[in-house]
Amino acid sequence: MIQTPTPNVRVVTFKIDDRDFSAREDETIIQVAWENGIRVPSLCYLEGLSVWGACRLCVVEIVGSPRLVSSCSTRVAEGMEIRTDSERLQAYRRMILELLFSERNHVCSVCVSNGHCELQNLAQQCGMDHVRVPYRNKVYQVDSSHDLFRVDHNRCVLCSRCIRVCDEIEGAHTWDSKGRGIDTQVITDLNRPWGESDSCTGCGKCVQVCPTGALVQQGTSVGEMHKDRKFLPYLSRMRDAQ
Amino acid sequence: MSESKKITVATTWLDGCSGCHMSLLDIDERLIELAQQVDIVYSPLVDGKHLPETVDVGIIEGSVSNEEDLAKAREFRRHCKYLISLGDCAVTGNVPAMRNLFPLDSVYDRAYQENVQHNPLRPNDGVPALLDVVKPVHAVVPVDLHVPGCPPSADTIWFVLSQLLEGRVPNPNEVTRFGA
Amino acid sequence: MHIDELNELAEQIRTQHQSCQHCVRVCMAASCQSSGADDVLKRLEDAAPEGDQVQVKSVGCMGLCSAGPLVEVRSRGDDQPIMYQHVESQDAEEIMGSLGDSVVQRLECPTSIPFFQRQQKIVLENSGIIDPEDIEDYIAADGYSALVEALTESSPAEVLNEVNLSGLRGRGGGGYPTGLKWSTVAKMPATQKYVICNADEGDPGAFMDRAVLESDPHRILEGMALAAYAVGANRGYIYVRAEYPLAIDRLKKSIRQATRKGLLGANVCDTPFSFDIEVRLGAGAFVCGEETALMQSVEGERGQPRPRPPYPAELGLWGFPTLINNVETYANIAPIVRNGGEWFASIGTERSKGTKVFALAGRIHNTGLIEVPMGVPLREIVEEIGGGVPDGRRFKAVQTGGPSGGCLPAEQMDLPVDYDSLREVGSIMGSGGMIVMDETSSMVDVARYFMEFCMTESCGKCVPCRVGTYQMHELLTKIAAGKGTSADLALLEELCEVVQMTSLCGLGQTAPNPVVSTLQYFRHEYEEKLIRDEFVDMEQQTEEMEAVS
Ligand SMILES: Cc1cc2nc3c(=O)[nH]c(=O)nc-3n(C[C@H](O)[C@H](O)[C@H](O)COP(=O)(O)O)c2cc1C
Ligand code: SF4
Ligand code: SF4
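Residues numbered from 1 in each chain as written. Chains lettered and ligands numbered in written order. Predicted model: local features only at pLDDT ≥ 70, side-chain atom pairs only at ≥ 80, totals over all residues. Heavy atoms only, no water.

Draft legend 1. Summary view of the overall build of chain B. Helix and strand counts for chain B stand at six helices and seven strands. When the helices and strands of chain B are placed in sequence order, the string is β-α-α-β-β-β-α-β-α-α-β-β-α. Considering only C-alpha atoms, chain B reaches an extent of 55 × 35 × 30 Å along its principal axes. For chain B, with 180 residues in total, the buried portion stands at 52%. The contacts of chain B with a sequence gap of at least 6 include a subset with a gap of at least 24, amounting to 78%. As displayed, chain B offers around 8700 Å² of accessible surface, 51% of which is attributable to carbon and sulfur atoms. (Helix = DSSP H or I, 4+ residues; strand = E, 2+ residues; numbered from the N terminus. Buried < 20%, exposed > 50% of the residue type's maximum accessible area, 1.4 Å probe, protein only. Contact = heavy atoms within 4.5 Å. Areas by Shrake-Rupley, 256 points an atom, 1.4 Å probe, with all protein chains shown as cover.)

This is the structure in structure tokens:
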């Protein structure tokens, strides 16, 4: 609802990191920042999906306000002075990333998304080079029951992009979440294996929006790169028979 | 530059695959440049098997998985003025730490019973006891610099070392990341 | 109904009541019920003489829960009632026999003690006096007169004005000015607006709202109706946690009674104002007390907060402007409208007006519910009203504000209790829980207890709260077990700041408060538990860089 453009919106002027900007008053801080090459980090925000405001990486300072706001959910306003990259914010973001890496088992070196992962990139971008809190080392399942796709809960950051894209764009609402707090997990249908889902249309939108290696296409992992050569002796036998 | 002014470096590998050390060797001809400025006083790669009282820079590859790793990490911290965690195993626990998802007993069973045809037996001496939880180096001793990567590329390692030699604190994030 | 008719009805009921010589009131609030008040009531009813000389009545909370079951006898002509404590069913005959003649001394609970004398009751004025299941009892106590008078004689703006003048601030924890919130909703141009009563009371140890709901439910309905009139809403929801079956039952009954009397429903008092109230049940998630999560839950979605702004006043239930207030906030409305905002503003402190209900618990003599004017010093609450710490132990700290609050040490005992003063010293008023701790409590354990609560109640939506509370709990457990190092403590403090500053909703933003305040006042208790670690304690190596270069 936040993003719905309303007619007769005013244009407002404001500052981001001491640079002057103007934008429609119904635009959010992150929209303006990204349009202008200011890389406010985020994991849950994705242009085209509803605003979720949960990863908290995009929090910014508003001069004169003691509170931080998430830039994905906050609209720009006349005279606003926004700071996106203070030392304090950088430290907070690093800690949030440390928490994320500690939560599940993100072993980048053996991940299918190694090199294509938003979480991995954000760690680098934000200068998070080691995790000071203890790793949780909790066992998470991998569900490979779907013909086309796979979910590896070890890599999930609970950004809810899959839930939102499936609900808001595909209209299937296959994805949802169960549990709360640290036990929250994404589920398909009513917590049934993905392969048995009645509602999944197999469109793969969730895989496309997933920032990490949690949702992937089948056949993309190293272990799956097996060669099927059974056809060879068969073919040569058939040829010999000719 | 006289010999005695050279910066002393010690390296070790804990629970890892030695790939980071291989990557270090991969800096190729730059090794010569390095050798002019530093003295590798202790390392699996050199003959010296005694860690001197004080070493300028210590480099640790691998995670802390058993009693010996722990002792070695502590020894390095005591003797090295500046300690570097080199590679994902040292920085995050990485692959060795994937055994943390299983109870220690089942790890032992897997290694010494299930997969052994001849006289399966869990060793009780000669092999250092495994720790309950595999940890990154900084979880047991303070570390001054973290260089992620699996392994960090030769260029990354060269970047880090040459910056240090120039007296700067390198920012490894400029050139490497987890899993790189 | 016109106000004259209502007054006439009230007068009638009062005369009826006066015909009886002795009124025996039995507290039937949940606490007394659980210690056997049901049986006491039944035996008293059986033992009562025929005729209308003696009336046995079940009423709501009398406050001194630790002494329950409580029975109060009010005889005509006596201005002081007699209160009996720890009453058992076999005492019924003796009490009945003593009526009008003597006092059962062995059971007497002195009402001259500060616990009763120092209180000032607005919210709880009917609590323990009227029968909560009887609308006529409420009407006899001037109930609904504010609503009827407002509907027939004042404009919504006038009602709003009284609330503004009163200086009332939200009792749900945040202390947001109620009049300001109402004005915002009133100003919204929408055709559809909602009013919600937040009765999800989930703080451990808090039962103020439950007492009001169980003891005087009509007061909430009247407050909500006045609010709806003032802001232009025609539908209301009461969101009650399912763990309060008695409150739910009484609310539903009261809604039926009020609708039958034409005080709720279509065209209340033959005016154009219509107002329906529905009760919705919460499934016991603490976070569903957070207003945006609560609205999600009412809409039938997973109860998770969303970022604010937009605030409910702008974008609430199903996208419509919504006024959401706490039970105790609504409980203050009828008296404010009845007696005027200025009357209310004359009670309390400069910036915190009126009274506040507190639930006294922990190492204190008199546990139970109390209502005191804002600005009363903590010491008076703990030592006089609460009767101090029992068993000759020494007072150590008082925890206010539940899992979002803090622990205050003896040095802060002269602090006048109001929203701002508590915040200044690192705690909050919160919803009114007050837990007293003596010298035997470990403050690290206290902090850990509250962190465990927040960890299990985190909804899991945002990262700092979901993982941060988990990690803080781990660190606190480690420190409490005597295995933490100074590095662990430093990390804990850093986490506190990050979770406070970056969490999405109030739960995460306030979850570190118990740690922060115990660290502020009882840091030594943490430090005593730390172990020395050769490596952690050695000097950081940063300067060594020069040596290298
Ligand atoms: C985690 C959390 C739990 C809350 N629980 C309650 C509650 O049980 N009852 C309540 O009235 N307000 C609760 N609140 C506060 C509400 O969000 C809201 O501020 C309040 O209902 C507004 O009413 P007031 O202005 O009358 O205080 C809670 C807030 C948070 C962040
Ligand atoms: S599976 Fe992927 S898209 Fe879905 S919540 Fe997890 S990380 Fe986000
Ligand atoms: S702060 Fe906690 S309860 Fe609130 S949205 Fe975040 S995870 Fe949920």
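Draft legend 2. Region of the structure containing the packing of aromatic side chains. Residues and elements named next belong to chain C. One pass over the full model with this rule turns up 18 aromatic pairs over all chains. Consider the rings of phenylalanine 115 and phenylalanine 116, whose centres lie 5.2 Å apart with planes at 80 degrees: the pair is edge-to-face. Owing to a relative accessible area of 0%, phenylalanine 115 belongs among the buried residues under this scheme. Ring geometry for tyrosine 194 and tyrosine 237: centres 6.1 Å apart, planes at 45 degrees, overall tilted. With tyrosine 194 in strand β5 (residues 194-199) and tyrosine 237 in strand β6 (residues 235-241), this residue pair connects regions lying 43 residues apart in the sequence. Taking relative accessible area as the criterion, tyrosine 194 reaches 8% and is therefore assigned buried. (Phe/Tyr/Trp six-rings, centres within 6.5 Å; stacked < 30°, edge-to-face > 60°.)

Draft legend 3. A look at the site of ligand 3. Lining the immediate environment of ligand 3, one finds 13 residues, of which Cys459(C), Cys462(C), Cys465(C), Cys505(C) and Gly508(C) sit closest. Class assignment of the residues belonging to the shell around ligand 3 gives a composition of eight nonpolar, four polar and one charged. (Near = heavy atom within 4 Å. Nonpolar A, V, L, I, M, F, W, Y, C, P; charged D, E, K, R; others polar.)

Draft legend 4. Summary view of the domain arrangement of chain C. All names here are of chain C. Segmenting chain C into domains produces domain 1 (19-111), domain 2 (143-345), domain 3 (355-438) and domain 4 (443-528). Each of domain 2 and domain 3 has a C-alpha centre, and these two points are 27 Å apart. Both sides together, the interface formed by domain 2 and domain 3 hides about 1400 Å², and carbon and sulfur atoms give 57% of it. On the surface where domain 2 and domain 3 come into contact, there are two salt bridges. A salt bridge links lysine 356 to glutamate 328; the nearest nitrogen and oxygen atoms lie 2.7 Å apart. Linking domain 2 with domain 3 are eight residue pairs in polar contact (both at pLDDT 80 or more), by the criterion used here. (Domains from an automatic or database assignment. Buried area = accessible area lost by both parts, 1.4 Å probe. Salt bridge = Lys/Arg side-chain N within 4 Å of Asp/Glu carboxyl O. Polar contact = N/O pair within 3.5 Å; in protein donor to acceptor, adjacent residues only side chain to side chain.)

Draft legend 5. A nonpolar patch on the surface, seen in detail. All names here are of chain B. A cluster of nonpolar side chains, Trp13, Met22, Leu25, Leu31, Ile32 and Leu45, forms an exposed patch at the surface whose accessible area comes to about 500 Å². Contributions of two or more residues to the nonpolar patch are made by α1 (19-25) and α2 (30-37). By the secondary structure assignment, leucine 31 is in helix α2. By relative accessible area, which is 31% here, leucine 31 ends up partly exposed. (Patch = residues over 30% accessible without salt bridge, like charges linked within 9 Å, V, L, I, M, F, W, Y side chains within 5 Å.)

Draft legend 6. Structural context of the interface of chain C and chain A. Across the boundary between the two partners, chain C contributes 33 residues, which contact 34 residues of chain A. Measuring nitrogen to oxygen at the nearest pair gives 2.6 Å for the salt bridge that ties Glu457(C) to Arg180(A). At the boundary of chain C and chain A, one finds 13 residue pairs in polar contact (both at pLDDT 80 or more). Counting only elements with at least two residues in the side of chain C that touches chain A, the list comes to α18 (443-457), α19 (463-480) and α20 (486-502) of chain C. Within the side of chain C that touches chain A, the residues separate by chemical class into 17 nonpolar, ten polar and six charged.

Draft legend 7. Seen up close, the side chain of Arg219(C). Residues and elements named next belong to chain C. Secondary-structure assignment places arginine 219 in helix α11 (residues 217-231). Classification of arginine 219 as buried rests on a relative accessible area of 1%. In this structure the side chain of arginine 219 is engaged in a polar contact, spanning 2.5 Å, whose partner is the side chain of glutamate 125. Beyond its immediate stretch of four places on either side in the chain, arginine 219 contacts Ile122, Val123, Glu125, Asn126, Tyr138, Tyr330, Ala331 and Pro335.

Draft legend 8. Layout of the sheet that holds strand β9 (residues 355-362) of chain C. Residue and element names in this part refer to chain C. An order of β10-β9-β13-β11-β12 is seen for the five strands of this open sheet, with the pairing classed as mixed. Looking at the sheet topology across the chains shown, the edges are occupied by β10 (368-373) and β12 (406-409). For this sheet the average axis-to-axis angle between neighbouring strands, irrespective of direction, equals 30 degrees. As defined by bridge partners, strand β11 (residues 395-400) adjoins strand β13 (residues 433-438) across five bridges and the pair is classed as antiparallel. Bridge assignment links alanine 397 to a residue of β13, and that residue is methionine 437. (Pairing = 2+ DSSP bridges. Axes fitted to C-alpha atoms, helices over the stretch in contact; angles between N-to-C directions.)

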